[in-house]
Amino acid sequence: MHSSSRRLLATVALSTVVAVVGTACSSGAGSTDAKDADSGTYTIWDPYPQFAKGSAWTKLLDKCGTQAGVKIQRTGFDTSDLANKTLLAAQQGNSPDVLIVDNPVVSTLAEAGVLTTTDDNKLDTSKVDPNLLAAGQSGGKTYGTPIGANTLALYYNKEVLKEAGVDIASVKDWKSLTAALAKVEKAGKKGITFSAIGTEEGSFQFLPWFWGSGAQLTELDSDKAVSALSLWQDWLKKGYAPNSVINNTQTTSWQEFAGGDYAFAENGTWQLANAEKAGFEYGVLPIPGSDGGNAAAPTGGEFVTLPVQDDTGRYTTSQKLATCLTSTQNLYDTDTTLSYVAPTTEVQNKQVAANADLKAWVDAVKAARGRTSDDLGTKYPKISEQLWKAVQSALSGSKSPKDALTSAQAAVK
């Protein structure tokens, strides 16, 4: 999943889910019966179909069930199916006891009345980094706890930068990054690759630059937003980024970088295993803000939530299961398996102690922001669609960044 992690965003209108799907996951199926006749059986639905019975993940679920004195019936769904299946199950009074779901979907399910709040279910979120917890908050209430997070940063090819005479320590803001790209291009190598495709993936990749400018998703046509889109457009015009970015997914963008000619690639934690196989020395740099510091990149990753049940007596055991799954040791093991950064400082420190290369990713996650944060909730998919359309218009040359974003803002309103 994490070599191509799928991000789903859904908007609910009555019983209809309109999904805006970005980054790609393997498909999987399983039993969709949410309740077993045996009341000692608790159901868990997750978006990890790649983990079959006998995997470390399913063993952890069974272990948490044993500790709570119940049997676990687990189903792994493709991410794009999970929100739809969950809404249907809720309508039928057949929700799973524990639902692990992609973070942008939490506000959608919460607004549809599917999830209990942490006030109701007593899940302890006190150790979770506030910026990560925000992705599961809507209307001032919290609807779960993150199991881990991934985000975006810049991978760089050390050899390409060395040949171009670029010291990575000099790259601190947009001006110095662009200067580095100019040196690389002059040295006969390629600058930077990313995904600007007309889907959620394109918005996901543009957001660190959008937020890094100081822009807000409620004002797509601000001068700061225009500066971010102008940056990308200028890179294409000067040949620092290839025209292929317009159609690149995060996977095809990674394949370009893995060829060994590019200095930089914007991509996520899920590419770490591929980076190790790339055959050249690489480093990772948090995406810089326009004037320095780390830009906020969007958070990926899932939340452990407890859906509403007709039998409220089930919540006590469900809470035990969720607490077990997000305990310090289990978070460490799970996030190592998923190539995620943990949602608590305690476990992040443990991850960095075990692998110093994760420090840049922890820094990136510390600065990250949920796409539905700032109480955007179910408004986000509509905003995102207009944002990726604006990016496409500007990079293809059909509109100026200002005109593209002005049209986007008007469409959102």
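Scope of this entry: the structure provided in the associated data block. (Residues numbered from 1 in each chain as written. Predicted model: local features only at pLDDT ≥ 70, side-chain atom pairs only at ≥ 80, totals over all residues. Heavy atoms only, no water.)

## What to know about the side chain of Gln 351
Spelled out, the test is: In this text, helices come from DSSP runs of H or I with a minimum length of four residues, and strands from runs of E with a minimum of two, each type numbered from the N-terminal end. The rule is simple: take the accessible area with a 1.4 Å probe, protein chains only, and divide by the maximum for that residue type; under 20% is buried, over 50% is exposed, in between is partly exposed. Nitrogen and oxygen atoms within 3.5 Å of one another constitute a polar contact, given that in protein one can donate a hydrogen and the other can accept it, and given that sequence-neighbouring residues count only through two side-chain atoms. The contact criterion used is simple: two residues touch if any of their non-hydrogen atoms lie within 4.5 Å.
By the secondary structure assignment, Gln 351 is in helix H14 (residues 345-354). Judged by its relative accessible area of 3%, Gln 351 is buried. Polar contacts involving the side chain of Gln 351 include one to the main-chain carbonyl oxygen of Tyr 340, which spans 2.9 Å. Gln 351 has contacts with Tyr 332, Asp 335, Thr 336, Tyr 340, Val 341, Ala 342 and Leu 358, leaving out every residue within four places of it along the chain.

## Points about the sheet that holds strand E3 (residues 41-46)
Rule in force here: Think of it this way: DSSP has to see at least two bridges between two strands before they count as a pair.
Overall, mixed pairing links the five strands, which are arranged E4-E3-E5-E13-E8 in an open sheet. Since the sheet does not close on itself, it has two edges, and those belong to strand E4 (71-76) and strand E8 (145-146), each with one partner. Examined bridge by bridge, E3 and strand E5 (residues 98-102) share two bridges and lie parallel to one another. Bridging across to E5, Trp 45 finds its partner in Leu 99.

## Some remarks on the state of the cysteines
Convention followed: Put simply, a disulfide is two cysteine sulfurs that come within 2.5 Å.
Taken as a whole, this structure holds one disulfide when the rule is applied. Between the sulfur atoms of Cys 64 and its disulfide mate Cys 324 the distance is 2.0 Å. Between Cys 64 and Cys 324 the disulfide shows an S-S torsion of about -75 degrees. By sign, it is left-handed. Taken together, the positions of Cys 64 in helix H1 (residues 56-68) and Cys 324 in helix H12 (residues 315-325) put the pair 260 residues apart, joining distant regions of the chain. You'll find Cys 64 and Cys 324 in the same group, each marked buried.

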